[in-house]
Amino acid sequence: MIFLDNTAESYGTKMPIDKRIERLRTILKNDDWIIEGVYYDWLSDSFSSADYIFILKTSPFIFNSRIIKRFIRRRFGLEKSKKETLKSLKDLLVWTNNYQKSKIPKILEFLEPYKEKTIILDNSKEIFDYINPAK
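Read on for an overview of the structure.

Calculation rules
- Residues numbered from 1 in each chain as written.
- Predicted model: local features only at pLDDT ≥ 70, side-chain atom pairs only at ≥ 80, totals over all residues.
- Heavy atoms only, no water.
- Phe/Tyr/Trp six-rings, centres within 6.5 Å; stacked < 30°, edge-to-face > 60°.
- Helix = DSSP H or I, 4+ residues; strand = E, 2+ residues; numbered from the N terminus.
- Buried < 20%, exposed > 50% of the residue type's maximum accessible area, 1.4 Å probe, protein only.
- Core = buried A, V, L, I, M, F, W, Y, C linked by side-chain atoms within 4.5 Å.
- Contact = heavy atoms within 4.5 Å.
- Expected span 1.5 Å × (residues − 1).
- Bend = angle between axes of the 7 residues up to and from the residue.

Attention now moves to the packing of aromatic side chains. For the structure shown, the criterion picks out six aromatic pairs. With a centroid separation of 6.3 Å and an interplanar angle of 40 degrees, the aromatic rings of F47 and Y114 are classed as tilted. Placement of F47 in helix 2 (residues 44-49) and of Y114 in the loop between helix 4 (86-110) and strand 2 (118-121) is noted, with a sequence separation of 67 residues between them. The buried category is assigned to F47, whose relative accessible area is 9%. With a centroid separation of 5.0 Å and an interplanar angle of 20 degrees, the aromatic rings of W95 and Y99 are classed as stacked. Taken together, the positions of W95 and Y99, both in helix 4 and four residues apart, correspond to about one turn of that helix. Overall, the relative accessible area of 37% leaves W95 in the partly exposed class. Classification of Y99 by relative accessible area gives buried; the value is 9%. Three or more aromatic residues link up through ring pairs in this structure, and these residues are F47, F110 and Y114.

Glancing now at the nonpolar core. The nonpolar side chains of a soluble globular protein tend to be buried with one another. The biggest cluster of nonpolar side chains holds 17 residues, and the ones touching the most others in it are W42, F47, I53, I107 and L111. Put simply, the parts of the chain that give this core at least two residues each are helix 1 (17-28), strand 1 (53-56) and helix 4. Counting residues per element, this core draws most heavily on helix 4, which supplies three residues. Residues in contact with I53, not counting those within four places in the same chain, are F47, L111, Y114, K117, T118 and I119.

Time to look at helix 4. Under the 1.5 Å per step criterion, the end-to-end length of helix 4 is 33 Å for 25 residues, consistent within 8% with the ideal 36 Å. The sharpest bend along helix 4 comes to roughly 45 degrees, located at K103, with the proline P105 sitting one to four residues further on. When we look at burial in helix 4, the residues that qualify are S88, L89, L93, T96, Y99, I104 and I107. Against strand 1 and helix 3 (60-75) lie the buried residues of helix 4.

See the structure below:
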């Protein structure tokens, strides 16, 4: 994890920026890497170094149901995590829906210099089909 501090006591604690940048630089030294870029504005180095940049525009039904399922698994101890609350679930659902509506257009604008390697897809299966096309 780069952006969030998994060693922190509370859920959703951000990693200090200097540690984030240090971790990102360490990752980018490798030949192969994948970075999830929700917090895209400090990841310019990764975008310029990337072979592909995928924008996954998942339907609201899919991402909301996945968030709720994850919450339930964590709540009943089926998945390990920090303690989440109904408020944190609600906040995450609101954040995710706002992100899809307002941030995706900004991300596409931000990625304009890398448009030749930016691929917009509707689901994760399309990513695998793109990388490993059927022969």
